[in-house]
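An overview of the molecular structure
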Amino acid sequence: MNKACLFLFFYFISHTFLTAQNELIINVYNRESTSLNGTWNYIADLYENGYYNYRYEAFDQKENLDRNAYFSNSKPTGKSDRIEYDFDKSKTLNVPGDWNSQDDKLFYYEGTVWYKKSFNYKKTNKDNKVFVYFGAANYKAEVYLNGKKLGTHVGGFTPFNFEITNLLEEKDNFLIVKVDNKRIKEGVPTLNTDWWNYGGITRDVKLVEVPSTYIRDYFIQLNPANNTHIKGYIKLSGEEIANKKINIGIAELKINKTVITNSYGIADFEIPAKKIKYWSYKNPYLYKVDIKTDSDEITDQIGFRTIKTSGQDILLNGKPVFLKGISIHEENPLKGGRATTMEDAELLLNWAKELGCNFVRLAHYPHNEHMLRLADKKGIMVWEENPVYWTIQWENKETYQNAENQLKEVISRDKNRAAVIIWSMANETPVSEPRTSFLKNLASTARKMDSTRLLSAALEQNTDKNNPDVMHIDDPFANTVDILSFNQYIGWYAGLPERTGKIVWEIDHDKPVFISEFGAGAKYGFHGDKTERWTEEFQEYLYEETLKMISKIPQLRGISPWILVDFRSPRRHLPGIQDEWNRKGLISSEGNKKKAFFVLREFYQSKP
Ligand code: GCB
């Protein structure tokens, strides 16, 4: 292949996986949209009676619409007619929200729930297109409008959308979603996790109306190689995408540039800019960016910064930074269940700020978009993580495709958020050849989609063969990542806190080291001496000792202890202490700060 062909080949590959396979509409919060949040009728369907007939054949694989299929939303035609379900007489659930914390009977439920929302809709312009957009549904969603299947989405934490222009009526549309959160071996995540498997339509649902040719996607960031250049692409979708003029305006930087799309509807650009105020945790400056075509326009609030590593340092805008972090699950225990709103994001990120953080690890899956938008505004750097957790099926091609798809979806959604500095590929995955090549493939996908950020994964440490107090990182995936991160629980799962004093870290890699987890469980209000497990004093002691221990690692450039708030976990049964909560939070499930909170806060305050 000559050079020009090679370029075209890579150009095509790098743009097609963003477009053909993954036609996500980004930045829905700044678009013309109608919310479908609110109450939806639901039917919990343990036997999937509304999906399969009595021969276990799927109704949606049949040519003719069967009235027994719940997505047909059928009603009896007369008093002798038999229809054995009725959405309109069924109970309701709030969307966005998980079902577990809304109906006691569904607390432990894992299976199918059918959701139905009826709505009227009038387009503002007859040529416009309309999409239904879901922020996320856990885990598998089959979506139907007016009895027709729109499609399926797999993965509980990333957005998806379907075009509904041709199916939409002005009156009495019914949108039906079958959400199934059964855990499956081949899934991502798989059967085993240390978090609650909240089911449901857990994020916002919207109807998004766009012109027939519309701005679907764009990537606008600083050129990592030249921080006075803003670089990226804009991608049109719809009827006429080739040779279209697109205007990019950043008034405050006196940028007003017109670019032309190629035959794929893509316009690449690189624009020099003067006197950029760089985004940082000290000054989280966001510019108003306007993108316009003759038919569409969209605005975003984008920060410009560079993030790199140099030897053992992490450089934000060229200056070394220490990541004062905390890990967070997407839960608001004060209201119960999944965090879903901007107010929930405020609560969690304000707690992180109070703790003195400039960084959060959003574990163990992509959190809702509000978190990222708010982190951008508040100046909190973010680690976003793909839910490749523990022991998934490394050799299963479909499992890989699923993991890769979820990774692409989160990168598509959040690639314009300055706050996001790290894409994490996985958490605590056992080293083997198939696992490492799985992760390497994910990493190479992430790098192709986004060369402006750092890659990492929460790895594990290894004990020296001859001396159990000497620790190494012997993971071949460490060679792929930019930041060498690992979780360690010396003093909790491995010995008691005083053991930390004996540990010697021998880390050979010339990379920044980040400790992505450490912690101890404590029940708020339970006191005793520091050797008594589950007391606040034990947790406090572990924090004091661990901070001393890890401060001896010369390459240490950040930490995100486990975890900001107690969270629900089906693995934690100890009565009176856990009661199905993982108690490693620095804040209790009632919102009270435990003693260790203040230890970490002091550590952060004392760090320059
Ligand atoms: C870990 C996992 C995290 C668990 C935590 C724990 O290593 O990454 O998901 O919740 O330990 O509490 O055991």
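Residues numbered from 1 in each chain as written. Predicted model: local features only at pLDDT ≥ 70, side-chain atom pairs only at ≥ 80, totals over all residues. Heavy atoms only, no water.

Our working rule: UniProt positions are given in the numbering used here, feature names are shortened, and annotations may be inferred rather than shown by experiment.
By the naming in an unreviewed UniProt entry, the protein chain goes by Beta-glucuronidase and is assigned to Abyssalbus ytuae. Among the UniProt annotations of the protein chain, the heading Sequence similarities (unreviewed entry) holds the following wording: "Belongs to the glycosyl hydrolase 2 family."

**Observations regarding the environment of Gly 238**
Rules: Secondary structure elements follow DSSP: runs of H or I no shorter than four residues count as helices, runs of E no shorter than two count as strands, and numbering proceeds from the N terminus. Here the term buried applies to any residue with accessible area under 20% of the maximum for its type, exposed to any over 50%, and partly exposed to those in between, with areas from a 1.4 Å probe on protein chains only. Note on contacts: a residue pair qualifies if any of its non-hydrogen atoms lie within 4.5 Å across the two residues.
Mapped onto the elements of the fold, Gly 238 is located in strand E12 (residues 226-238). By relative accessible area, Gly 238 is classed as partly exposed at 34%. In the structure, Gly 238 is positioned 256 residues away from Ala 494 in sequence and 57 Å away in space, judged by C-alpha atoms. Those residues in contact with Gly 238, other than ones at most four positions away along the chain, are Lys 129, Ser 212, Thr 213 and Tyr 214.

**Regarding the pairing of strand E10 (residues 205-210)**
Put simply, side chains in a regular strand alternate between the two faces of the sheet. Spelled out, the test is: One requirement defines pairing of two strands: DSSP has to find at least two bridges between them.
When you tally the buried positions in E10, you get 6 out of 6 residues, the bulk of the element. Residue alternation in E10 divides its side chains into two sets, Val 205, Leu 207 and Glu 209 and Lys 206, Val 208 and Val 210, and both sets are buried. Of the pairings in the sheet, the one linking strand E1 (residues 33-35) to E10 comprises 3 bridges and is antiparallel in character. Bridge pairing links Thr 34 to Leu 207 in E10. As paired strands, strand E5 (residues 129-134) and E10 are joined by 6 bridges and run antiparallel to one another. Bridge pairing in E10 places Lys 129 opposite Val 210.

**A few points about unusual backbone geometry**
Following Asn 138, the chain continues to Tyr 139 via a peptide bond in cis, the omega torsion being 10°. Among the secondary structure elements, Tyr 139 is positioned in the loop between E5 and strand E6 (140-145). Here the phi dihedral of Asn 243 falls at roughly 55°; this positive angle occurs in a residue that is not glycine. If you trace the backbone, Asn 243 turns up in the loop between E12 and strand E13 (245-250). In this structure Asn 243 comes out as exposed when scored by relative accessible area, which is 62%. A positive phi angle is found at Asp 579, which is not glycine, with a value near 45°. Looking at the secondary structure, you find Asp 579 in the loop between strand E32 (567-568) and strand E33 (581-582).

**A few points about the site of the ligand**
Defined as follows: One heavy atom suffices: a residue is near a molecule or strand as soon as one of its heavy atoms comes within 4 Å of it. Pairing of N or O atoms within 3.5 Å defines a polar contact, subject to two protein rules: one partner must be a possible hydrogen donor and the other a possible acceptor, and residues neighboring in sequence count only if both atoms are side-chain atoms. Surface accessibility follows the Shrake-Rupley procedure with a 1.4 Å probe radius. Residue values consider only the protein chains on display as shielding. Each residue is assigned to one of three groups, with Ala, Val, Leu, Ile, Met, Phe, Trp, Tyr, Cys and Pro labelled nonpolar, Asp, Glu, Lys and Arg labelled charged, and all others, Gly among them, labelled polar.
Residues in close proximity to the ligand total 14 residues, the closest being Asp 194, His 364, Tyr 389, Glu 428 and Tyr 493. In this structure, Glu 428 approaches the ligand through a side-chain N or O atom, which is 2.2 Å from an oxygen atom. In this structure, an oxygen atom belonging to the ligand sits 2.7 Å away from a side-chain N or O atom of Glu 517. In the complex, the protein chains occlude 97% of the 320 Å² of accessible area that the ligand would expose alone. Of the residues belonging to the shell around the ligand, the class tally is 5 nonpolar, 4 polar and 5 charged.

**Remarks on the domain arrangement of the protein chain**
Bring the parts together and some accessible area is lost; that lost area is often taken as the interface size. Inclusion rule: For the domain bounds, the source is a domain assignment made automatically or taken from a database. Here the quantity called buried area is the accessible surface, traced with a 1.4 Å probe, that two parts lose on coming together, added over both. When a carboxyl oxygen of Asp or Glu is within 4 Å of a side-chain nitrogen of Lys or Arg, the pair counts as a salt bridge.
What the domain assignment reports for the protein chain is domain 1 (28-210), domain 2 (212-295) and domain 3 (309-606). Taking the mean C-alpha position of each, domain 1 and domain 2 sit 35 Å from one another. Contacts between domain 1 and domain 2 engage 6 residues on the former and 6 residues on the latter. With both chains or domains summed, domain 1 and domain 2 bury close to 450 Å², and 50% of this area falls on carbon and sulfur atoms. Area buried by domain 1 at its contact with domain 2 is led by Arg 31, Lys 129 and Val 210, which between them contribute 76% of it. Scanning the region where domain 1 abuts domain 2 turns up 1 salt bridge. In this structure, Glu 239 engages Lys 129 in a salt bridge whose closest nitrogen and oxygen atoms are separated by 2.6 Å. Across the contact surface, domain 1 and domain 2 share 3 residue pairs in polar contact (both at pLDDT 80 or more). Each residue belonging to the side of domain 1 that touches domain 2 can be placed in one class, and the counts come to 2 nonpolar, 1 polar and 3 charged.

**Observations regarding the packing of helix H2 (residues 342-354) against helix H3 (residues 369-378)**
Packed helices, taken two at a time, are described by the angle their axes make and the gap between the axes. Stated precisely, the cut-off is as follows: What counts as an axis is a line fitted to C-alpha atoms, over the stretch in contact for a helix, and the angles between N-to-C directions run from 0 to 180 degrees. Every angle not falling under 35 degrees, over 145, or within 65 to 115 is termed oblique; those three ranges are roughly parallel, roughly antiparallel and roughly perpendicular. Note: crossing handedness is left-handed where the near helix turns anticlockwise from the far helix by less than a right angle, and right-handed where it turns clockwise.
Remark: H2 packs on H3, axes separated minimally by 9 Å, with the N-to-C direction vectors making an angle of 45°. Comparing the axis directions of H2 and H3 gives the class oblique. H2 and H3 meet at a crossing whose hand is right-handed. Where H2 abuts H3, its residues Met 342, Ala 345, Glu 346, Leu 348, Leu 349, Asn 350 and Lys 353 lie against His 370, Met 371, Arg 373, Leu 374, Ala 375 and Lys 378. Here the contact of H2 with H3 is composed, by residue class, of 7 nonpolar, 2 polar and 4 charged.

**Side note on the sheet that holds strand E28 (residues 484-487)**
Pairing is parallel in the closed barrel, where 8 strands are placed in the order E21-E22-E23-E24-E25-E28-E30-E31. Adjacent strand axes in the sheet meet at a mean angle of 30°, parallel and antiparallel pairs treated alike. In this structure, strand E21 (residues 323-328) lies alongside strand E22 (residues 359-362), joined through 4 bridges in parallel fashion. By the bridge assignment, Ser 327 is partnered in E22 with Arg 361.

**Some details on the side chain of Asn 402**
Inspection of the secondary structure assignment puts Asn 402 in helix H4 (residues 397-414). Excluding residues that lie within four positions of it along the chain, Asn 402 makes contacts with Tyr 139, Val 154, Gly 187 and Val 188.

**A closer look at the nonpolar core**
Within soluble globular proteins, side chains that are nonpolar tend to cluster in buried spots. Basically, it comes down to this: In this description, a nonpolar core means a group of buried Ala, Val, Leu, Ile, Met, Phe, Trp, Tyr and Cys residues linked to one another through side-chain atoms lying within 4.5 Å.
Core analysis: the largest hydrophobic core is formed by 100 residues, its most contacted members being Ile 326, Val 388, Met 425, Ile 559 and Leu 600. When residues no more than four places from it in sequence are discounted, the contact partners of Leu 600 are Gly 325, Ile 326, Leu 355, Tyr 543, Leu 547, Ile 559, Pro 561 and Leu 586. Listed in part, the 35 residues of the second largest apolar core include Val 210, Tyr 218, Ala 267 and Tyr 285.

**Notes on the side chain of Thr 202**
With respect to the secondary-structure elements, Thr 202 resides in the loop between strand E9 (173-180) and E10. The class of Thr 202 is buried, set by a relative accessible area of 3%. If near-sequence neighbours (up to four positions away) are discounted, Thr 202 is found in contact with Pro 96, Gly 97, Asp 98, Ala 136, Ala 137, Asn 138, Gly 156, Arg 338 and Thr 340.

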